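Spelled out, the chains give:
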Amino acid sequence: MKYRTVFDIIGPVMIGPSSSHTAGAARIGKVARTLFGEVPDKADLYFYGSFAKTYKGHGTDVAVIGGLLDYNTNDERIRDAYRYAKEAAMDVSIHEEGAIDHHPNTAKIKLYKGNREFELVGVSIGGGKIEIIELNGFELRLSGNHPAILVVHQDRYGVIAAVSNLLAKYQMNIGHMEVSRKEKGEQALMVIEVDQNVDEFLVQSLSELPHILHVSKIHD
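Residues numbered from 1 in each chain as written. Predicted model: local features only at pLDDT ≥ 70, side-chain atom pairs only at ≥ 80, totals over all residues. Heavy atoms only, no water.

- Taking an unreviewed UniProt entry as the reference, the protein is identified by name as L-serine deaminase belonging to Shouchella xiaoxiensis.
- In UniProt, the protein has this text filed under Catalytic activity (unreviewed entry): "L-serine = pyruvate + NH4(+)".
- Under the UniProt heading Sequence similarities (unreviewed entry), the entry covering the protein gives this text: "Belongs to the iron-sulfur dependent L-serine dehydratase family." (UniProt positions renumbered as here; feature names shortened; annotations may be inferred.)

If you want it as structure tokens, here you go:
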């Protein structure tokens, strides 16, 4: 395995004893918060495998909650995340689950606000790095290490080309791209990791394309 910098070896700046169980968990929570767009009324956190066995000692629970409150991995408030969640009127429930096929460090996050529901499954793969492997029932592979655009759209001819052409127009370089769909002709999810941060005007432009249902972005 090759390391690009010393930080890939020693891990991220963080609160907590474990880059996998604490920093990675916080990043999973923060990605969920970014995609949800606001503090939820309720959060159900499901910990699997190693996360379920060690989350209390390694602070995985407070890390995910801190991420949901939009805290970075080195934010001191993570230590008191339950208190801050209560102040933010976010009700949190922890669920201990068994082993799972994906990865021993797996968390599923379900968020609720009003009539809105959101579900994300993430894994912490080491050194504070993560992968998001499921979003609202769509399978995907999102590292969270790069700016990304997520496009929910109708599975129609020409949609992917239209999105790609618009990104080319604004000189956005695509590092990774994949499409997941539940059924042919139904809703699909396009995940595009890019080399530059994504401006709101590009999100709006993508939203105005035919057959596009929702566009969101993640910054690194």
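### What to know about helix H4 (residues 60-68)
Line of reasoning, step 1. Of all 9 residues making up H4, 9 are buried, and the element is well covered by its neighbours.
Line of reasoning, step 2. Listed in full, the buried residues belonging to H4 are Thr60, Asp61, Val62, Ala63, Val64, Ile65, Gly66, Gly67 and Leu68.
Line of reasoning, step 3. Looking one or two residues beyond H4, the residue adopting positive phi is Asp70, at roughly 75 degrees. (Buried < 20%, exposed > 50% of the residue type's maximum accessible area, 1.4 Å probe, protein only. Helix = DSSP H or I, 4+ residues; strand = E, 2+ residues; numbered from the N terminus.)

### Re the packing of aromatic side chains
Line of reasoning, step 1. Applying the stated rule across the entire model yields 5 aromatic pairs.
Line of reasoning, step 2. Aromatic pair Phe47 and Phe51: ring centres 6.1 Å apart, planes at 80 degrees, arrangement edge-to-face. Each of the two residues, Phe47 as well as Phe51, counts as buried.
Line of reasoning, step 3. The class for Phe47 is buried, based on a relative accessible area of 1%.
Line of reasoning, step 4. Each residue in the set Phe47, Phe51 and Tyr55 is aromatic and connected to the rest through ring pairs, giving one cluster.
Line of reasoning, step 5. Directly above the ring of Phe36 sits Arg116, whose terminal nitrogen or CZ lies 4.0 Å from the centroid. (Phe/Tyr/Trp six-rings, centres within 6.5 Å; stacked < 30°, edge-to-face > 60°. Lys NZ or Arg CZ within 6 Å of the ring centre and 35° of its normal.)

### Some points on helix H6 (residues 159-169)
Line of reasoning, step 1. Among all positions in H6, only Val159, Val163, Leu166 and Leu167 are buried. All buried residues of H6 lie within an arc of 100 degrees about the axis, which places them on one face of the element. In this structure, H6 carries Asn165, Ala168 and Lys169 as exposed residues pointing more than 90 degrees from its buried face. (Arc of directions from axis to C-beta.)

### Remarks on the environment of Ala89
Line of reasoning, step 1. Note on placement: Ala89 falls in the loop between helix H5 (81-87) and strand E2 (91-96).
Line of reasoning, step 2. A residue is classified by how much of its surface remains accessible, and Ala89, at 55% relative accessible area, is exposed.
Line of reasoning, step 3. Those residues in contact with Ala89 that sit more than four places away from it in its chain are Pro40 and Asp41. (Contact = heavy atoms within 4.5 Å.)

### Digging into the pairing of strand E8 (residues 174-181)
Line of reasoning, step 1. Pairing between E8 and strand E9 (residues 187-194): 7 bridges, direction antiparallel. The partner of Arg181 across the bridge, within E9, is Ala188.
Line of reasoning, step 2. As consecutive antiparallel partners, E8 and E9 are separated by 5 residues, and within that stretch Gly185 has a phi angle of approximately 85 degrees, a positive value. (Pairing = 2+ DSSP bridges.)

### Side note on the sheet that holds E8
Line of reasoning, step 1. The strand order E8-E9-E7-E10 describes an open sheet built from 4 strands, whose pairing is antiparallel. Across the chains shown, the open sheet's two edge strands, defined by having one partner strand only, are E8 and strand E10 (212-218). For this sheet the average axis-to-axis angle between neighbouring strands, irrespective of direction, equals 15 degrees.
Line of reasoning, step 2. With 7 bridges joining them, strand E7 (residues 148-154) and E9 adopt antiparallel strand pairing. Along E9, the bridge assignment pairs Val152 with Leu189.
Line of reasoning, step 3. Together, E7 and E10 form the strand contacts of helix H7 (residues 200-207), whose direction differs from that of E10 by roughly 160 degrees. (Axes fitted to C-alpha atoms, helices over the stretch in contact; angles between N-to-C directions.)

### A word on the nonpolar core
Line of reasoning, step 1. Of all hydrophobic cores here, the largest spans 42 residues; its most connected members are Leu45, Leu68, Leu120 and Leu150.
Line of reasoning, step 2. It is helix H2 (residues 19-36) that contributes the most residues to this core, 7 residues altogether.
Line of reasoning, step 3. Excluding anything up to four places from it in sequence, Leu150 contacts Leu35, Leu135, Leu142, Leu189, Met190, Val191, His214, Val215, Ser216 and Ile218.
Line of reasoning, step 4. Ile149, Val159, Leu166 and Met190 belong to the second-largest nonpolar core, a separate cluster that totals 17 residues. (Core = buried A, V, L, I, M, F, W, Y, C linked by side-chain atoms within 4.5 Å.)

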